[in-house]
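Report on the structure
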Amino acid sequence: MRKIVLASRNQHKIAELAELLADLGLTIVPVPAEAPAVVEDGETFQANAAKKAETIAAYTQEWALADDSGLEVDFLGGKPGVYSARFAGEDASDAENNAKLLALLKDVPPAERGAQFRSVIALARPGQPTIFVEGTCRGVIATEARGFNGFGYDPLFYLPELGKTFAELTPEEKNRISHRAVAMAKLKEVLAEILSGADC
Ligand code: IMP
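What you are looking at is a predicted structure, and each value in this text was computed from that prediction instead of being measured.

Turning our attention to the packing of aromatic side chains. Following the criterion strictly, the structure yields 3 aromatic pairs and no others. Note on F117 and F157: the rings are 4.4 Å apart at their centroids and 50° apart in plane angle, and the pair reads as tilted. Here F157 lies in strand β6 (residues 157–159) and F117 lies in strand β4 (residues 114–125), a separation of 40 residues in the sequence. A relative accessible area of 6% places F117 in the buried class. A relative accessible area of 0% places F157 in the buried class.

Structural data, given as structure tokens:
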């Protein structure tokens, strides 16, 4: 059975991926504790995902997967983007990041509050080019936080067609439509194709 190392220490992501890829006959293993830490200093999600996946593939000599994601707000020209986790400062909390976003959009009318979450997943294979897939999910930045599920910007990310923010969805509902779910569905297609082809 082929092993894929997930270049993340996030147990939630490991479980999610393991479930998604179960029927492809793949074993998802966590990154070894002694593997080198990767500094996410890229200017794009793709650069960060590639850096993480390629570092771990080189270290383990196994296939490695990594993802990078964030929020892109139209009115802010795509910011915070790769700076989503540290928008309000290096160790900023979710609440601080959300407060900064609300302040920057204070008098912005509803029609100009469009935004999207983006997720890029990189699959690095020793000696072969890295493959990328990505997913987006569009919504609107609300004028106040709503809901308690999820994490990050979820309480501000409003989906007009559902009348709810991401934080008001159950994990199952979010996992059906999120940027990560879209990227993972594409990853599954790509992996199925690679595993059935000659370049495996
Ligand atoms: P990472 O890709 O897990 O490092 O996520 C980077 C940052 O993007 C997080 O710390 C959040 O601020 C934001 N983010 C990414 N995905 C989500 C999501 O599904 N909901 C809310 N915030 C997210």
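Attention now moves to the pattern of salt bridges. Enumeration over the complete set of coordinates arrives at 9 salt bridges. K52 serves as the salt-bridge partner of E40, at 3.4 Å between the closest nitrogen and oxygen. Of the two residues, E40 is situated in the loop between β2 (26–30) and α2 (45–60) and K52 in helix α2; the sequence distance between them amounts to 12 residues. Residue class for E40 comes out partly exposed when judged on its relative accessible area of 36%. Across the salt bridge formed by K52 and D68, the nearest N and O atoms sit 3.6 Å from each other. Within this pair, whereas K52 is found in helix α2, its partner D68 is found in strand β3 (residues 63–73), the two being separated by 16 residues in sequence. In this structure, a network of salt bridges that share partners links the residues E40, K52 and D68.

Bringing the pairing of strand β1 (residues 2–6) into the picture now. The side chains of a regular strand alternate between the sheet's two faces. As judged from the 5 bridges shared by β1 and β2, these two strands associate in the parallel manner. Following the sheet pairing, V5 is matched in β2 by V29. Crossover connection from β1 via helix α1 (residues 11–21) to parallel β2: handedness right-handed. In this structure, β1 lies alongside β3, joined through 3 bridges in parallel fashion. Pairing of L6 across the sheet is with L65, part of β3.

A few words on helix α5 (residues 179–196). End to end, α5 covers 26 Å across 18 residues, agreeing with the expected 26 Å (1.5 Å per residue, within 8%). Those residues of α5 not exposed but buried are H179, R180, A181, A183, M184, L187, L191 and I194. Take α5 and look down its axis: the buried residues cluster within an arc of 165°, on one side only. Exposed positions of α5 whose direction lies more than 90 degrees from the buried face are E189, E193 and S196.

Here the focus is the sheet that holds β6. If you trace the 7 strands from one edge of the open sheet to the other, you get β2-β1-β3-β4-β5-β6-β7, paired in mixed fashion. Whereas interior strands pair on both sides, the edge strands pair on one side only; in this sheet they are β2 and β7 (164–165). Along the sheet face, α1 touches β1, β2 and β3 and points at about 175° away from the line of β2. The strands that α5 touches are β1, β2, β3, β4 and β5 (128–141); relative to β5, the one it contacts most, it runs at about 155°.

Further remarks concern the site of the ligand. Inspection of the region around the ligand gives 14 residues, with S69, D154, K174, H179 and R180 positioned closest. Contacts to the ligand include S69, whose side-chain N or O atom sits 2.8 Å from an oxygen atom. Looking at the shell around the ligand, the elements that each hand over two or more residues are β3 and α5. Partitioning the shell around the ligand into residue classes produces 4 nonpolar, 5 polar and 5 charged.

Reading the values: rules and limits
All chains use their own residue numbering, which begins from 1 and follows the written sequence. For a predicted model such as this one, the threshold for reporting local features is a pLDDT of at least 70, and the threshold for listing and counting side-chain atom pairs is 80 or more; totals across whole chains, interfaces and linings nevertheless cover every residue. To obtain the side-chain values, all non-hydrogen atoms of the structure were included, while hydrogens and water were left out. Side-chain rings of Phe, Tyr and Trp (the six-membered ring for Trp) are treated as a pair once their centres are within 6.5 Å; stacked means planes under 30 degrees apart, edge-to-face means over 60, and tilted covers the remaining angles. Helix and strand labels come from DSSP, where a helix needs a run of H or I of at least four residues and a strand needs a run of E of at least two; each type is numbered from the N terminus. Each residue is assigned to one of three classes by its accessible area relative to the maximum for its type, calculated with a 1.4 Å probe on protein chains only: buried under 20%, partly exposed between the two thresholds, exposed over 50%. Salt bridge criterion: a side-chain nitrogen from Lys or Arg within 4 Å of a carboxyl oxygen from Asp or Glu. Two strands pair if DSSP finds at least two bridges between them. Crossovers are marked right-handed if the path from the first strand over the helix to the second runs clockwise, as seen with the strands pointing away from the viewer. Between the first and last residue of a helix there are one fewer steps than residues, each counted as 1.5 Å, and that sum is the expected span. Taking the helix axis as origin, the arc is that swept by the directions to the C-beta atoms. Should any heavy atoms of two residues lie within 4.5 Å, those residues are counted as being in contact. Here an axis means a line fitted to C-alpha atoms, over the contact stretch when the element is a helix, while the angle between two N-to-C directions is reported on a 0 to 180 degree scale. What makes a residue near a molecule or strand is one non-hydrogen atom of that residue sitting within 4 Å of it. In protein, a polar contact means a hydrogen-donor-capable atom and an acceptor-capable atom, both N or O and within 3.5 Å, with residues adjacent in sequence counting only if both atoms are side-chain atoms; elsewhere, any N or O pair within 3.5 Å suffices. In this classification, Asp, Glu, Lys and Arg are treated as charged, Ala, Val, Leu, Ile, Met, Phe, Trp, Tyr, Cys and Pro as nonpolar, and every other residue, Gly included, as polar.

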